[in-house]
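# A closer look at the structure
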Amino acid sequence: MLFSSVLVEKNIADEKLVKDILSRLPDSTEKIEIESFEKVFGAVKKPYLQKRENLNLILAHKKGKLVKQAPDAYGLEGSPHYYFVHAYNCIYECEYCYLQGYFNSPDIVIFTNRDEIQNQIIETYNNHKNENEIWFHAGEFSDSLALSHITQECEFYWQVFSKLPKAKLELRTKSANIKALKKLKPQSNVIVSYSLSPEFQLKSYDRKTATYKQRIKCIKELSDLGHPVGLHLDPIIYTPDFKQHYEQLFEDLKVNINLQKLCYISLGVVRFSKDVYAQLEKNYPTSNLHQQNFTTGFDQKKRYSRPLRLWMLNQVKNICLSYDIDPQKVYLCMEE
Ligand code: SF4
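In this report, the structure presented in the accompanying data block is examined. (Residues numbered from 1 in each chain as written. Predicted model: local features only at pLDDT ≥ 70, side-chain atom pairs only at ≥ 80, totals over all residues.)

## Section: the site of the ligand
Taken together, the neighbourhood of the ligand is formed by Cys90, Tyr92, Glu93, Cys94, Cys97, Leu99, Asp143, Lys174 and Thr209. Classifying every residue of the shell around the ligand gives 5 nonpolar, 1 polar and 3 charged. (Near = placed C-beta within 6 Å. Nonpolar A, V, L, I, M, F, W, Y, C, P; charged D, E, K, R; others polar.)

## Some points on the sheet that holds strand 14 (residues 265–269)
Consider a sheet: its strands pair through backbone hydrogen bonds, and that pairing is either parallel or antiparallel. On the basis of which strands lie adjacent, the open sheet formed by 8 strands has the order 4-5-9-10-11-13-14-18 and mixed pairing. Strands with a single pairing partner mark the edges of an open sheet, and in this sheet they are strand 4 (67–69) and strand 18 (330–332). Put simply, the sheet's adjacent strands are angled 25° from each other on average, direction ignored. By the bridge criterion, 4 bridges tie strand 13 (residues 229–236) to strand 14 in an arrangement that is parallel. Following the sheet pairing, Leu233 is matched in strand 14 by Leu267. (Pairing = 2+ DSSP bridges. Helix = DSSP H or I, 4+ residues; strand = E, 2+ residues; numbered from the N terminus. Axes fitted to C-alpha atoms, helices over the stretch in contact; angles between N-to-C directions.)

## Overview of the nonpolar core
Counting 51 residues, the largest nonpolar core has Phe84, Leu169 and Ile265 as the members making the most contacts within it. Contacts of Leu169, omitting those with residues within four sequence positions, involve Phe136, Ala138, Tyr157, Phe161, Asn189, Val190 and Ile191. If you look at the next biggest cluster of nonpolar residues, it comprises 15 residues, including Leu7, Ile21, Ile58 and Ile110. (Core = buried A, V, L, I, M, F, W, Y, C linked by C-beta atoms within 7 Å. Buried ≥ 20, exposed ≤ 12 C-beta atoms within 10 Å, placed from the backbone. Contact = placed C-beta atoms within 7 Å.)

## So, the sheet that holds strand 8 (residues 108–111)
The 5 strands are arranged 2-1-3-8-6 in an open sheet whose pairing can be described as mixed. Where the open sheet ends on each side, the last strands, each with one partner, are strand 2 (30–34) and strand 6 (87–88). Note: strand 1 (residues 5–9) against strand 3 (residues 56–60), 4 bridges, orientation parallel. Its bridge partner lying in strand 3, Val8 is registered against Leu59.

## Topic: the environment of Lys302
As for its placement among the helices and strands, Lys302 is situated in strand 17 (residues 302–303). A sequence separation of 14 residues divides Lys302 from Val316, and the C-alpha atoms of the two residues are 21 Å apart. Other than its neighbours up to four places away in sequence, Lys302 contacts Phe272, Tyr277, Phe294 and Thr296.

## Section: the pairing of strand 11 (residues 190–195)
In terms of residue burial, strand 11 counts as a mostly covered element, since 6 of its 6 residues are buried. Side chains of strand 11 alternate between two faces, with Val190, Val192 and Tyr194 and Ile191, Ser193 and Ser195 buried alike. Here strand 10 (residues 167–173) pairs with strand 11 via 5 bridges, running parallel. Considered in strand 11, the bridge of Glu170 is made with Ile191. Direction of pairing for strand 11 relative to strand 13: parallel, over a ladder of 4 bridges. Directly across from Ser193, in strand 13, lies its bridge partner Gly230.

## A word on the pairing of strand 9 (residues 134–138)
The buried count for strand 9 comes to 5 of 5 residues, which makes it a mostly enclosed element. Every second residue of strand 9 is oriented toward a common face, with Ile134, Phe136 and Ala138 on one face and Trp135 and His137 on the other, all of them buried. Summarising the sheet, strand 5 (residues 81–84) and strand 9 pair through 3 bridges and their orientation is parallel. The partner of Tyr82 across the bridge, within strand 9, is Phe136.

## Here's the deal with the packing of helix 8 (residues 242–254) against helix 10 (residues 306–322)
When two helices pack together, their arrangement is given by the angle between the helix axes and the distance between those axes. Interhelical geometry of helix 8 versus helix 10 gives an angle of 30° and a closest axis separation of 10 Å. As far as their axial angle goes, helix 10 and helix 8 are roughly parallel. Helix-helix and strand crossings are classified by hand; for helix 8 and helix 10 the assignment is right-handed. In this structure, helix 8 uses Lys243, Tyr246, Glu247 and Phe250 to contact helix 10, whose residues at the interface are Gln315, Val316 and Ile319. Its residues placed into classes, the contact of helix 8 with helix 10 shows 4 nonpolar, 1 polar and 2 charged. (Parallel < 35°, antiparallel > 145°, perpendicular 65-115°, else oblique. Left-handed = near helix turned anticlockwise from the far one by under 90°.)

In structure tokens form, the structure reads like this:
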């Protein structure tokens, strides 16, 4: 069973969406009523890896700001970027995941006050009337598709973004859960972006996610159906032969999709905040990530030295360009 129990805020128990989500969980899932998610979620520290044996789902309303400005270098240059908060945490387990150090608990929270999320997206959109486009990103604190069969959120996004022609929505994912997307008519302003790494790397670090082959199959299926697709080649991790592995990745993509149809490719090198690195040491003490030659910056972040980062990014960028990808479509993620 995916969830040990589902905790529902008392005052939202009668909402249609809450009932719909509950109806998609096995009958045997224990249901518990709670006063408010803030009093439960992370109130007492729950070790990250407890998600393996005891993962709860919390259904709640999130108050306050639900649409937030994205950090610099988050997406394609030249447009404003925002992310919206619709969920916390992820059912997968990537060794480098920054969510390890982010919350006090690995439990999944789904915020069901979608009207407010929608209103804040529209308000933000209206504040940028003079821009040619404005980006919204789902999946800052979760995977955008992993639970979409339970949350039915894709249908919600389709309906919201069909009314916002200058807006773009990015659904970031490592999931093969594309059943909902396959039923929806492709919408030119909703882009599904897959994070992808060379196969050996993905096998070493991405646990429970879709495999390398499954992700490429999903990219192909979505692309064939006419859904706009983007790629995140992130995190790039150094090995002496990493270039050959990225060349192989492009060969594997090339036989499945028309690479020129990709909306964008973002490139990012592995990096850790101090807290996430401490969690990595605790949760994955034998990870190969400990063999990497990281330095600690003035901001306490662990990453490769700047010359090495830029060199690696340029190597992968050159591989993209050698496959005739438009240089305007390749951007460096979170790298000033
Ligand atoms: S898929 Fe993303 S959010 Fe989920 S564990 Fe992996 S890195 Fe974290």
